[in-house]
Amino acid sequence: MAYAQLATFKVPEISNEPMRSYAPGSPERQALKDAIAKMEKELPFEVPCVVNGKEVRTGKLSKQPLPYDHANHLCTYHEADQATVASAIDGALAAKAEWEAMPWSDRAAIFLKAADLVSGKYRYQLMAATILGQGKNTWQAEIDAAAELSDFLRFGVKYVEELYQIQPPKNSAGSWNRTEYRPLEGFVLAVSPFNFTAIGGNLPGAPALVGNVVVWKPSPMATYSNYLVHKIFLEAGIPPGVIQFVPGPPADVVQQAIAHPSFAALHFTGSTLVFKQLWKDIANNLDKYKGYPRIVGETGGKNFHLVHKSAEVRNAVLQSVRGAFEYQGQKCSALSRLYVPRSVWEQGGFKEQLLAEVAKLKVGPPQDWTNFIGPVIGRAAYDKIIGYINKAKEAGGEILIGGSGDDSKGFYVQPTVILTKDPKSVTMVEEIFGPVLTVYVYEEEDYEKTLELIDTTTSYGLTGAIFASDRKALLHASSYLRNAAGNVYFNEKCTGAVVGQQPFGGARASGTNDKAGSMAIFYRFVSARSVKENFVGLEDYLYPSNLV
C-alpha cells in the first residue's frame, strides 16, 4: 500500500550527543555502576542469530570471552550456518521493496528514535557490554557506544536529507528535471570490527538509512554489544528482514554472501589483509552479479605524530600519550610512530616527560575506574603484540618503558615505548594494533628527509598529526604529507574523529576513504536516477535548421 506524504518535512536540528563526565558522585557514574553489576551478575548471555525478526538457534555455539578474565565469557552465540545465511539473504531481498518504498520521513523517524534509544534507555547497558566485552574504560565506552553511535544515527538522517535535496539546478522551458537516489539493486553485506560498537551500528545502519537491505556479520569479539544494537534497531521500528543479524565464522558467512548473484555492496571495517582478499574474491565473482558491487572499506593505519622544533612540548607529550595508549592502542587511528627532533627529545625534555607520563598509566580491568589501560581484545592480539615487541628488540630497538605482558587472567600488555635508530624498523612499518609506540629521533637539519620518511615508510594513509608553533613549518609539513593521512591534525592527537566534525577515513592501504560521518558515505550506497518530465508536446519532428 502506498502512503501519501502531504508535506515536505524537515528533520529536527541535529547536534552532537553531549558526553557525560562520570565524575565521582554523579548520577551517570552510579547508573553505569549498576548496569555493570547487573550484567556481571547475569552473564553469560545467549545470543541467537536474528533473521526476519525471529531468533534462530543453530546449536553451533561459540563464545565471546571476557578479555580481562578469559576463563569466563560474556556470551555464548549461535553461529549462522549455510541455511541461516541463505534465509537471511532471501528474507532481506523479500523486505526490500516495502522498505525502499517507505516515505523518507518515516525512515528518518525510525533512525532518530534509534538514536534516542541509544543515548537514553539503553545507554548504560550498551556501555556495560562494551566495557566488559571489548575492554574499554568508561570514557572510551562513553565516546563510542553512547555518543558516537547516537551521532552516526542522527547525523546520518541530516546528511541523507541534504543528499536528497541535491537536484539539477536548471530546467528547460516546459520541463522539470529531478534526481532520485535509489538504493542499490540487491543486498549490502556489512562486516563490522570489535573495536567500536558505534561502527557496528553504522556499517549496517548507513546503507539501510537510504533504503537498502543489509546482512550484518558482527565481529565475534563484539557479538553481545552488537546484538543489543540490533535489538535497538528493531525496537525503533526497522522492519524485520531489513537488517539481518548473522554472527558466525567470518570466512564462511562472508564467502556465502559475496557469492550470491544479488550481492550489491560490501561495507567493511577490519584488517587490510582481509579487505584485499575480499576485493579479489568479489572481482573473481563479477560474472555472477547483476552489476558492479560497491566496495567500501576502512582498514588499518600506521599513524604518525611529527614534532617540529617549534612545538609546545607539554602538549605534544600529552597528546602522544593519549593518541598511542587510549583503548590499548586498538584504534585504527592510534598513534604508533613518533618523530621528534633531537634537541626537543633531549634538551627540550620530551623524552623525560613522555616516560614520566607513561609510567603513570594504570593497567587493569576496565570496570575499575582508576585504570586508564585495559586488556587487549584476545589471545591472538596479545601474542601478536608481544611478538612485535620481541621483533623490535631483535632488530636493535631499545625498550624505554614497558615491553612486557601478563596473560594469566586477562590479556594485559604494559604500555611500551621503543626507541629505534632505524626509521624503517619493523615497528615503524607494520601495524601492531596494541599499546606500542616507536620513537625515531631526527636531526633538525634533516626535517625535509623526515617528511619523506613519514610519507614513504608504510603503505598506510589513515591519520597523522603535526605539532608546530611555526606556521610556515606546519603548512609545509601538511602540504608534503598531503597523501600520508586522510585525517590530519594540527597540534592535536591523531585519534578522536567526531561525527559531523571530522569525517573519518584514509586512503592508500587504509581503505577507500569514503568518509564515515559525512554525506560522502551515503553516495556509495545509492544509485542515482535522472528524471526529466516534459509538459509541452512536440508539434513536428523537424528542427528549424531543416527548414528551407
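For the structure itself, look to the data block above.
First things first, this report covers the structure right here in the doc. Everything numeric here is computed off the predicted structure, so don't read it as measured data.

To continue, consider the sheet that holds strand E1 (residues 45-47). Judged by pairing direction, the sheet is mixed, and its 3 strands sit side by side in the order E1-E5-E4 without closing on themselves. Strands with a single pairing partner mark the edges of an open sheet, and in this sheet they are E1 and strand E4 (61-66). For this sheet, the mean angle separating the axes of adjacent strands, direction not counted, is 40°. Here 6 bridges tie E4 to strand E5 (residues 69-78), and the two strands are oriented antiparallel to one another. Its bridge partner being in E5, Ser62 is matched across the sheet by Tyr77.

Moving on to the pattern of salt bridges. Taken as a whole and assessed by the stated rule, the structure comprises 26 salt bridges. With its nearest N and O atoms 2.7 Å apart, the salt bridge here joins Arg342 to Glu443. With Arg342 in helix H11 (residues 342-345) and Glu443 in the loop between strand E18 (436-442) and helix H15 (447-456), this residue pair connects regions lying 101 residues apart in the sequence. A salt bridge links Lys362 to Asp368, with the nearest nitrogen and oxygen atoms 4.0 Å apart. Look at the salt bridges and you will find they share partners, linking Glu17, Asp116, Arg123, Glu142 and Arg154 into a network.

Okay, the sheet that holds E18 next. Overall, mixed pairing links the 7 strands, which are arranged E14-E17-E18-E13-E12-E20-E21 in an open sheet. Unpaired on one side and paired on the other, strand E14 (398-401) and strand E21 (487-490) mark the two borders of the sheet. Strand-to-strand twist of the sheet, defined as the mean angle between neighbouring strand axes without regard to direction, takes the value 20°. Pairing analysis gives 5 bridges linking strand E13 (residues 335-341) to E18, with the strands arranged parallel. Bridging from a neighbouring strand, Val340 pairs with Val441 of E18. This element, helix H10 (residues 313-325), spans strand E12 (303-307), E13, strand E17 (416-420), E18 and strand E20 (463-467) of the sheet and lies at about 160° to E13.

About the thresholds
Residues numbered from 1 in each chain as written. Predicted model: local features only at pLDDT ≥ 70, side-chain atom pairs only at ≥ 80, totals over all residues. Heavy atoms only, no water. Pairing = 2+ DSSP bridges. Helix = DSSP H or I, 4+ residues; strand = E, 2+ residues; numbered from the N terminus. Axes fitted to C-alpha atoms, helices over the stretch in contact; angles between N-to-C directions. Salt bridge = Lys/Arg side-chain N within 4 Å of Asp/Glu carboxyl O. Contact = heavy atoms within 4.5 Å.

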